[in-house]
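Inside the fold
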Amino acid sequence: MTIDLKENERIDDLQRNGYQIIQNRDGFCFGMDAVLLSGFALVKQGEKAIDLGTGTGIIPLLLEAKNQGLHYTGLEIQEAMAEMARRSVALNHLEEKVSIVTGDIKEASRLFGAASFDVVTSNPPYMNDSHGLKNPELPKAIARHEVLCTLHDVTREAAKLLRPGGRFYMVHRPHRLVEIITALKSCGLEPKRMKMVHPYVDREANMVLIEAVRGGRSMIKVEAPVIVYKEPGVYTDEIYTIYGY
C-alpha cells in the first residue's frame, strides 16, 4: 500500500516478516534497547499485550512478528508519534492485530481497565535528571528523561493493567537497579528474571532487562548476560539472532 511520508521521515526494514517502520530523522528513533526488550519479552498464544510509551510502535510490531499473541496495543502520549506509529501499523497491514492509542501512561489503567492485559512491556525514560532541560517538550527529551512520567508511574500502572500472574517486561539502566526493584515490589510486581546487557565482553553493563510477575513468589533468576558487539561494528551471534538476520 502507499503510505504518505512527511518531511524528514524514512521507512526502515525491521528484518522480521518483511515488516517496515516509519521513523523521523529529527525525532526519536528506536534503538538497541527496544530490540532487546522485544527479544526478552514473551507473549503466549491468545494473550493480550500493551506497550507503555510505545514511541514509534517498534515494540508492538516486533512482538507481533515474534510471538503468537492475540492482540498488541501501544500507548503513546505524543500524538505526532502515535500517528506515525499508526501509519507503520497500516504499512504492515496489522490493523487487526496492533492498536496505537494516544494517552498518558499515568492514566493507563483508567483508559483500559484493571487486569485487562496478560503482558505489559515498557522502554521508559531512563534519566530522572529532567531539571535543566532546555526543551523538555521535545520528543527526544520526553523519551529519555522523566519529564511526563516517573519510574514509579510506569510500575504502578503496569501492575494495575496486569491480570494476576501477568508479566511485566522492562529495559532500563543498571545504575537504577535498586530503585527499579523497590518500585516493582512496592506495586506488587515480583522480579523473576534479569539479564544484563554489555556493549563489549570487557565493558560494564549499560542496560538491564527485567521480568516481573504480578503477585509472584520471591525468587529471581539472573540469566547469562547479553554481549552486543564482538568488535566495533560487528554484532555477536546472539544479537543477529534477536534481530532476525
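Residues numbered from 1 in each chain as written. Predicted model: local features only at pLDDT ≥ 70, side-chain atom pairs only at ≥ 80, totals over all residues. Heavy atoms only, no water.

1. Description of the nonpolar core
Leu14, Met32, Leu36, Ile58, Val197, Leu209 and Ile239 are the most contacted members of the largest nonpolar core, which has 37 residues in total. Listed by contribution, the elements that provide at least two residues to this core are α1 (32-40), α2 (58-66), α3 (79-91), β5 (98-102), β7 (162-172), β9 (207-214) and α8 (237-243). Setting aside residues up to four positions removed in sequence, isoleucine 239 forms contacts with Met32, Leu36, Val226, Ile227 and Val228. In terms of nonpolar packing, the next biggest core, distinct from the first, is built from 26 residues, Leu75, Ile105, Ala158 and Ile180 among them. (Core = buried A, V, L, I, M, F, W, Y, C linked by side-chain atoms within 4.5 Å. Buried < 20%, exposed > 50% of the residue type's maximum accessible area, 1.4 Å probe, protein only. Helix = DSSP H or I, 4+ residues; strand = E, 2+ residues; numbered from the N terminus. Contact = heavy atoms within 4.5 Å.)

2. Some details on the pairing of strand β4 (residues 71-76)
When you tally the buried positions in β4, you get six out of six residues, the bulk of the element. Where strand β3 (residues 48-52) meets β4, five bridges bridge the pair, whose relative direction is parallel. By the bridge assignment, alanine 49 is partnered in β4 with tyrosine 72. Note on the crossover from β3 through α2 to β4: the handedness is right-handed. In this sheet, β5 lies alongside β4 in parallel orientation, the contact comprising five bridges. The partner of leucine 75 across the bridge, within β5, is valine 101. Assessed by its sense of winding, the connection that carries the chain from β4 through α3 to β5 is right-handed. (Pairing = 2+ DSSP bridges. Right-handed = clockwise from strand over helix to strand, strands pointing away.)

What is shown is where atoms sit, not what they do.
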